[in-house]
Each structure stands twice: as C-alpha cells, then as structure tokens.
Amino acid sequence: MAQQVDRVNFGLSVSVLLGLTLPLLVFPSQTAAVLASIYAWIATTFGWFYILTGASTLALVLYIAFSRYGSIRLGSEEPEFPTYSWVGMLFAAGIGSGMLYWSAIEWAYYVQVPPFGAEPFSDKAYDWAASYGLHHWGFVAWAFYSLPTLAIAYPFYVRKSPQLKYSNSAQYWLKGRENSWPARLMDSFFMIALIGGAGSSLGISTPLISALIARLTGIPDGFELELFVVGICVALFSLSVWLGLTRGIRRLSDVNLLMAFLFLLFVLFAGDTLFILSMAVNSVGHLLQNTLAMTFWTDPIANTGFVGDWTVFYWAWWIAYAPFIGIFVTRISRGRTLREVVFGMLCLGSLGVWLFFFVLGNHSLGLQLSGEVDVIAVMNAESGTVAIVAGLDALPFAAVAIGLFCVVAIIFVATTYDSASYTLAATASTELGASQDPARWHRVFWAIAIAILPIGLMYAGGVREAQTATLVVSLPLTFTFWLTGIALLKSLRADHPPR
Ligand code: NM2
C-alpha cells in the first residue's frame, strides 16, 4: 500500500547520507584521525557506562519476560508469520556477513592478546578465545536487540500508536508530540547509525566475498571484482525489498537459514568432527562459568585495553543496529507475546550465532592447535579474510565449502540490507498501519542509497572510518536506551496495575 513520504525525516536522512560520505571521501585521513580519537575517548570515558547498560538491558528484558507482563500479546490476531520464518527473518536481519567473518577468526585475535590476565597462546588463552566470542554475540548482545523491539512494539500494537519509528519507543512521554524535535532527534540518531553501520558492514563483507569468488574462479581479486560483488548484492536485496515482506524478504530468509545449516553441517563432518564437538561443549561450560565476570568486567586495574577494544566496541556496534532491529522485528511480530519475543531473540538468536562460532571458529582453531595450518601467522601476514579461506581450503572437497560459504555470505548481506532499506523507508514515511508497507519506489530508493556509501568508502579506503563513525553515533543511542527502557516499564505499569 503506497504511503506518504515524511518530508522532514526523508530530507534529514538524505542529508545525513551525504554529510557522512563527503568528508570521508574528500578528507579521508583527517576524518579518520578525528574519528579514531573520538572513539578512543568514548571507550575510555564511557566504557563502564556501556558495560553497565549491557548488564541492565539484559536484566530488564529478562524481568519483563519472566514477570506477568511476559504474557501480553502484541495485537489480538494470530502471528502473521510461522515461527520458522519469524526466527529466520529476525536472525537474517540482525546478523550480516560480519558474523561469518568474526565467528571464523575472532579466536585468533583473543589467543594473542587474551583477557583476564591469561598468558598469550596458553591453554587458558585458548579457553577464553573459544568462549569470549560467544559472550560478545550472546545474551547481552541479543538483549540490546530485544529492548527496542519491546519498546517499539508495545506502543505500536497495544497502545495503537501508528508510528513504525524508533521514537515510538518514547511514546509514553511523547504522546501527541510525535513530530517534536526530541522525536526527530531520536529518529535521526537511529538513521545515522544505521546508514553508517550498514555501509561499513557491506564494506567489510565485500572483500570476504570477492576473496571467496577469486579462490573459486581464479579471477584476480581487486576493486573490479569488489564492485561486481556489490552489484550482485545490491541487485539481490533491491529485488527482495521490491517484492516486499512476504514474497521477497521472507523467502530470502528461509533460503538463507537452509543454506547456512547445510554449510555448517558440511564443515562439521568434513572437518575434525570430534574436536569441533568437544571444543563446543567445553566453551559453553567456560562461558556459563564466567558469564557474570564477563558481563561486568571493566578491567580497571590492569587496564589492558581488552574491554575498550572488544566488549565496548561490540556493545556499541549492537546498539547502533538495535533500533533498526527493533523496528523490523516489531513489524514481523504481530500476534506474539512479549515473552516469545524476548526468548526467541535471546535464545534462538544466540544459538544461531553460536553454531557458527562452534563449527567455523573451532574448525580453524583446531587447525592451529594441530599445526595443520598456522592460521594466526596467515592472518598476521595477510589478513583475516585470507586466513579464513586458508582454513576452508584445508577441508576435503574445499571447493564445495567455499562455494556454499560464498552463497551464504551473499544472502546474509542481502537479508540485512533488504530489511534495512525497508526500515529506513518506514522511518521516512508518515503513519504506517500495523500491516502496511512503505511505498515500493521508496523502499528501492533506500536499497540503492545505502549501497552508494560503501562503494565510495571502498574506493577511498574508508571502511574502518565508517565503522568508527557508527560507534561514535551509538553513544547518544546508548542514552536513549535508558529512556526507552524506563518508558516501557512505565507504560506497562500504567496499563496493567497490580491486582
Ligand atoms: N552486529 C550483530 O555484518 C553484521 O553481522 C552486522 C553486526 C551488530 C554485531 C551486524
């Protein structure tokens, strides 16, 4: 159904897109230096605040799920999507091919500079390396995604506030002032974070995908191949968002889930199955044993930089994506209870990512330990991407694994971008009803618009800077998390007074 365009939000976000791209293109090194020093300042000054926000967010969503509020249903209808597709869509939207990169290689960074005072390359360092990734992509991380989802979905379905926007999460305070400047500010922070975040994700995944294609076809890797990869991805996600939620986005996510499972099964059985399984079980134990310590660790005494470089970096990254996921998951969650939303995201979301860390991560960790491939040396000498391909190359029928991995990576990129374009279009539309979609041209406009930034960045070499910019923008979003959390609790209390 065609909807009106909200001129202010539309104009604002197009200006943001240009405002973000131009300085990075015209003054790349100066912009990079400024951004890096701002991030360093944020990580030192607000590190504790990010850690505290993570722990509190997890506590809040668990409280809502376990309390009587958990059984509140979002709208009175039956769920619009079957659970398989619902989980598939929320997973594919929230997780991009960044996860494919990090799940395979994150351990190799941690083993060299381990947390909690472990000796580099020691057995203890390997234990931490195999379990810390599970924390950075686990319950706290998914709680960051769940909170805006609850905070947007509750007013949207239950309080009938027809705004599929981030500022809807502050509806408790904004009643009747949906177009006021605090609302606009919240929405524009969200749009900047999403445009920057999506831009840098495509900037990270393109080299990975083109390295895989180069390995498979023998075509030399380089800027032309990368442009070609961006072209395929953009075509795929424009088509998907053009077809819409049910015919496009949902179908692509269903295929995504199936292909991802096939790929993981292949690596599990073609690789050292026994080692992968026992390392996976072991790392869950290590994670559970240390969850509290990891959730609250700010490293104030030794100040090794691990928390700022990793945990704060990850929390900021998840927070930058979170309002987008909140809007998108709201749209697909009609008919579900708050408890289902929290547990679906926390448990199934974490489990989905963990399967990649279990199989892909422990496969390459095993190669390092057995001496078959010196993954760390390859990574340090060349790049993480090359090290991942080297790990897959050690498998029997390596071409099958690499081919599947390449297809999965492309679909993961496309499924994040189609929902991101959908969400940007929704934010830049005026009132959307519970099952209305933004106009078709408008959805495709955003699909193409958010691809322009990464192409520019790849050309100018500013992918890291875009990522840093995203992290910087996530600071004000972190403050809005407290705002939306309190607004949600207040609305729930007001609508459901204790009996
Ligand atoms: N998060 C999940 O490429 C990606 O995986 C994008 C990254 C926010 C850490 C999402």
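Analysis parameters
- Residues numbered from 1 in each chain as written.
- Predicted model: local features only at pLDDT ≥ 70, side-chain atom pairs only at ≥ 80, totals over all residues.
- Helix = DSSP H or I, 4+ residues; strand = E, 2+ residues; numbered from the N terminus.
- Rg over C-alpha atoms; globule rule 2.2 N^0.38 Å.
- Buried ≥ 20, exposed ≤ 12 C-beta atoms within 10 Å, placed from the backbone.
- Near = placed C-beta within 6 Å.
- Nonpolar A, V, L, I, M, F, W, Y, C, P; charged D, E, K, R; others polar.
- Expected span 1.5 Å × (residues − 1).
- Axes fitted to C-alpha atoms, helices over the stretch in contact; angles between N-to-C directions.
- Parallel < 35°, antiparallel > 145°, perpendicular 65-115°, else oblique.
- Left-handed = near helix turned anticlockwise from the far one by under 90°.
- Core = buried A, V, L, I, M, F, W, Y, C linked by C-beta atoms within 7 Å.
- Contact = placed C-beta atoms within 7 Å.

Asks: Run through the overall build of the protein, naming residues and quoting values.
Replies: Each helix and strand in the protein was counted, giving 18 helices and zero strands. Scaling as 2.2 N^0.38, a compact globule of 499 residues should have a C-alpha radius of gyration of about 23 Å, and the protein matches this with 22 Å. In terms of overall dimensions, the protein has a C-alpha envelope of 65 × 50 × 45 Å along the principal axes. Out of the 499 residues belonging to the protein, those deemed buried represent 55%.

Asks: Kindly report on the site of the ligand, identifying the contributing residues and their values.
Replies: Contacts to the ligand come from Gly94, Ile95, Gly96, Ser97, Gly98, Met99, Ser201, Trp317, Trp318 and Tyr321. Those elements that place two or more of their residues in the shell around the ligand are helix H4 (97–112) and helix H12 (306–332). Looking at the shell around the ligand residue by residue, the classes come out as five nonpolar, five polar and no charged.

Asks: Help me get a handle on unusual backbone geometry, residues and values and all.
Replies: With a phi angle near 50°, Phe116 is a residue other than glycine that sits in the positive phi range. For Phe116, the location among the structural elements is in the loop between H4 and helix H5 (123–136). Residue Phe116 is classed as partly exposed on the basis of its 16 C-beta neighbours within 10 Å. Of note in the backbone geometry, Asp299 takes a positive phi value of approximately 55° without being a glycine.

Asks: Could you give an account of helix H8 (residues 181–217), with specific residues and numbers?
Replies: Look at H8: 53 Å from first C-alpha to last across 37 residues, which is about the 54 Å you get at 1.5 Å a residue. Within two residues after H8, Gly218 carries a phi angle of roughly 85°, on the positive side.

Asks: Tell me about the packing of helix H10 (residues 245–270) against helix H16 (residues 398–427), and name the residues and values.
Replies: Packing of H10 against H16 leaves a shortest axis separation of 9 Å and a crossing angle of 150°. Viewed along their axes, H10 and H16 adopt a mutual orientation that is roughly antiparallel. Regarding H10 and H16, the two cross each other, and that crossing is left-handed. Of the residues assigned to the contact of H10 with H16, the class counts are 20 nonpolar, five polar and one charged.

Asks: Residue-level account of the nonpolar core, with values.
Replies: Counting 166 residues, the largest nonpolar core has Leu150, Leu212, Cys233, Trp318, Phe405 and Ala409 as the members making the most contacts within it. When sequence neighbours within four positions are dropped, the list of residues in contact with Phe405 reads Leu212, Phe263 and Leu392.

Asks: Break down the environment of Ser169 for me, with residues and values.
Replies: Tracing the backbone through its elements, the reader meets Ser169 in the loop between helix H6 (139–158) and helix H7 (171–174). Using a count of 33 C-beta atoms within 10 Å as the deciding quantity, one classes Ser169 as buried. In this structure, the C-alpha to C-alpha distance between Ser169 and Ala401, residues 232 residues apart in sequence, is 43 Å. Excluding anything up to four places from it in sequence, Ser169 contacts Pro148, Ala151, Ile152, Gly326, Thr484 and Ala487.

Asks: Got a sec to walk through the packing of H8 against H16? Specific residues and values, please.
Replies: Relative to each other, H8 and H16 sit at 160°, their axes nearing to 10 Å. Judged on the interaxial angle alone, H16 and H8 are roughly antiparallel. You can see that H8 and H16 cross each other, and the crossing is left-handed. The residue makeup of the contact of H8 with H16, split by class, is 19 nonpolar, five polar and two charged.

Asks: Help me get a handle on helix H15 (residues 384–393), residues and values and all.
Replies: Think of an α-helix as turning once every 3.6 residues; residues three or four places apart then point the same way. The element H15 is largely enclosed, with a buried count of seven among its ten residues. Taken as a whole, H15 has its buried residues at Gly384, Thr385, Ala387, Ile388, Val389, Gly391 and Leu392.

Asks: Can you lay out the environment of Ser37 for me, pointing to particular residues and giving the numbers?
Replies: Examined against the element boundaries, Ser37 turns out to sit in helix H2 (residues 28–66). Spatially, the C-alpha atoms of Ser37 and Thr468 are 9.8 Å apart, while their sequence positions differ by 431 residues.

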